[in-house]
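Chain by chain, the residues run as shown.
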Amino acid sequence: MRPSEFRESSAPDAVIRIDGLAKRYATGFEALKGVTLEIRRGEIFALLGPNGAGKTTLISIVCGLVNPSAGTVAVDGHDIVRDYRRARSAIGLVPQELTTDAFETVFDTVSFTRGLFGKPKDPAYVEKTLRSLSLWDKRDNKIRELSGGMKRRVLIAKALAHEPQVLFLDEPTAGVDVALRQDMWNLVRELRETGVTVILTTHYIEEAEEMADRVGVINHGELVLVEEKTALMSKLGRKEITFHLREPLASVPPSLDGFDLALGEGGGALTYTYDAKAARTGINTLIEALREAGISFSDLETKQSSLEDIFVGLVKEQA
Ligand SMILES: Nc1ncnc2c1ncn2[C@@H]1O[C@H](COP(=O)(O)OP(=O)(O)OP(=O)(O)O)[C@@H](O)[C@H]1O
């Protein structure tokens, strides 16, 4: 199966439906090559991918900032092209950095953003949002007077100002310290409790592991994998141990059949794949079995599978 043909079964309650989405920039570069994806209402979805994979392009199209070359996107049932305003008002976008409003107060900037979406003034809603983000005490502070962490919270408050159903977070913890990262993660979980669907982009596996219900991996403009987080993490937890043998083997002896082994380097290396998170990895038993089989090794090395390996594996599989 080619990555561009990747399809998941249709979700019963999808808040976003992306179908065959492609983007070719004016330079001729194909940033998206037919992405099909459904985001379920109320989930936290992490979009992972290396630099230049197409994450920002995908989000920008869904948010109406970039025009697609082909394909369709519906947000809460509204087509992003034909019914742009309604689709856009269902979305809150949290950018990476705050660029304006430095002299405005926290309360005013959030109220103003609400107005931009044509929503009537609702000081009670703004208060509730600021309280939920621990910003209420800072409501009369100017934004430039806030710490970096508080500024990030203001970005979220602004994105929530018009009561969107879906919140996009673009690299929410890029360049933030560990404490603030934990803080952001808690915040996102709390948002989900309120029924908001959250889609975040990240380079950090750890972030996806902590927060996401499902993970999508995008590479070279193609969605190469969409999986429940737990299933993906078990793949990421796999490790390899390679034994460099003193004497090359023609084949793996039958006494070692019970182990997940692969013979490489012309029979000179034996690689064992195991689950690093399992209570029993089987390494000790394997070493005993090797000794019993009279196989001795001169060196060994271990390797943790990374997101990169998963990409490589997926690309190979689908080539
Ligand atoms: N306006 C543009 N014109 C031409 N090419 C573009 C344009 N915007 C993005 N690209 C190219 O499209 C590809 C995907 O870019 P995109 O910003 O979507 O990637 P990304 O996954 O968000 O990367 P990062 O993690 O670095 O933010 C890149 O190769 C980029 O150079």
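The protein chain is annotated in an unreviewed UniProt entry as ABC transporter ATP-binding protein from Mesorhizobium liriopis. If you open the UniProt record of the protein chain and go to Sequence similarities (unreviewed entry), you find "Belongs to the ABC transporter superfamily."

Trainee: An account of the overall build of the protein chain is needed here, citing residue identities and associated values.
Mentor: Each helix and strand in the protein chain was counted, giving 10 helices and 14 strands. Counting the 319 residues in the protein chain, one finds 32% classified as buried.

Trainee: Which residues make up the sheet that holds strand β12 (residues 261-264), and what values do they have?
Mentor: Taken in spatial order, the four strands make up an open sheet running β12-β13-β11-β14, and their pairing is antiparallel. In this open sheet, the two strands that pair with only one neighbour each are β12 and β14 (297-304). Within the sheet, the average angular offset between the axes of one strand and its neighbour, ignoring direction, is 20 degrees. Pairing of strand β11 (residues 238-245) with strand β13 (residues 269-275) involves seven bridges; the strand directions are antiparallel. Looking at the pairing, His 244 lines up with Ala 269 of β13.

Trainee: Outline the nonpolar core, listing residues and values.
Mentor: Among the nonpolar cores identified, the biggest contains 64 residues, and Val 75 and Leu 167 are the most heavily contacted of them. In terms of residues, this core owes the most to one element, helix α5 (residues 148-160), which gives six residues. Filtering out sequence-adjacent residues up to four positions away, Val 75 remains in contact with Ile 16, Val 62, Ile 80, Ala 87, Ala 90, Ile 91 and Val 166.

Trainee: Before we move on, can you summarise the packing of helix α3 (residues 106-116) against helix α4 (residues 123-132) with the specific residues and values?
Mentor: The geometry of α3 relative to α4 is characterised by a closest axis approach of 10 Å and an angle of 125 degrees between their N-to-C directions. By the angle between their axes, α3 is oblique relative to α4. In this structure, α3 meets α4 at a crossing whose hand is right-handed. Along the contact surface, α3 presents Val 106, Phe 107, Val 110, Ser 111 and Arg 114, while α4 presents Val 126, Thr 129 and Leu 130. For the contact of α3 with α4, the per-class residue count stands at five nonpolar, two polar and one charged.

Trainee: Lay out the sheet that holds strand β6 (residues 91-94) with the relevant residues and their values.
Mentor: Taken in spatial order, the six strands make up an open sheet running β6-β7-β8-β3-β9-β10, and their pairing is mixed. Two strands in the sheet have a free side with no partner beyond their single neighbour: β6 and β10 (222-228). The mean inter-strand angle of the sheet, taken between neighbouring strand axes irrespective of direction, is 15 degrees. As defined by bridge partners, β6 adjoins strand β7 (residues 166-170) across four bridges and the pair is classed as parallel. Each bridged residue has a counterpart across the sheet, and for Leu 93 the counterpart in β7 is Phe 168. Contacting β6 and β7, α5 crosses the sheet at an angle of about 165 degrees to β6.

Trainee: Pulling in residues and values, what's your account of the site of the ligand?
Mentor: Residues in contact with the ligand, as listed here, are Tyr 25, Thr 27, Phe 29, Ala 31, Gly 49, Asn 51, Gly 52, Ala 53, Gly 54, Lys 55, Thr 56 and Thr 57. Considering each element in turn, the shell around the ligand owes the most residues, three residues, to helix α1 (residues 55-62). Per-class residue counts for the shell around the ligand are four nonpolar, seven polar and one charged.

Trainee: Break down the pairing of β14 for me, with residues and values.
Mentor: Across the eight residues of β14, zero count as buried, placing the element largely on the outside. Bridge analysis of β11 against β14 gives seven bridges, and the strand direction is antiparallel. Looking at β14, one finds that Ile 241 is bridged to Thr 302.

Trainee: For α4, give the residues involved together with the corresponding values.
Mentor: For an α-helix the count is 3.6 residues per turn, leaving residues at separations of three or four pointing the same way. If you check which residues of α4 are buried, you get Val 126, Thr 129 and Leu 130. Down the axis of α4, the buried set is contained in an arc of 95 degrees. They therefore lie on one face. Residues of α4 that are exposed and point over 90 degrees away from its buried face: Ala 124 and Arg 131. Its buried side turned inward, α4 meets α3 and α5. Ser 134, located one to two residues past α4, shows a positive phi value of around 55 degrees.

Trainee: How would you sum up the packing of α3 against α5? Please name residues and give values.
Mentor: For the pair α3 and α5, the least separation of the axes is 8 Å and the interaxial angle reads 30 degrees. Looking at the two axes, α3 sits roughly parallel to α5. In the crossing of α3 with α5, the sense of the turn from one axis to the other is right-handed. On the side of α3, the interface is formed by Val 106, Thr 109, Val 110 and Thr 113, while α5 contributes Val 154, Ala 157 and Lys 158. For the contact of α3 with α5, a count of residues per class yields four nonpolar, two polar and one charged.

The rules behind these values
Residues numbered from 1 in each chain as written. Predicted model: local features only at pLDDT ≥ 70, side-chain atom pairs only at ≥ 80, totals over all residues. UniProt positions renumbered as here; feature names shortened; annotations may be inferred. Helix = DSSP H or I, 4+ residues; strand = E, 2+ residues; numbered from the N terminus. Buried ≥ 20, exposed ≤ 12 C-beta atoms within 10 Å, placed from the backbone. Pairing = 2+ DSSP bridges. Axes fitted to C-alpha atoms, helices over the stretch in contact; angles between N-to-C directions. Core = buried A, V, L, I, M, F, W, Y, C linked by C-beta atoms within 7 Å. Contact = placed C-beta atoms within 7 Å. Parallel < 35°, antiparallel > 145°, perpendicular 65-115°, else oblique. Left-handed = near helix turned anticlockwise from the far one by under 90°. Nonpolar A, V, L, I, M, F, W, Y, C, P; charged D, E, K, R; others polar. Near = placed C-beta within 6 Å. Arc of directions from axis to C-beta.

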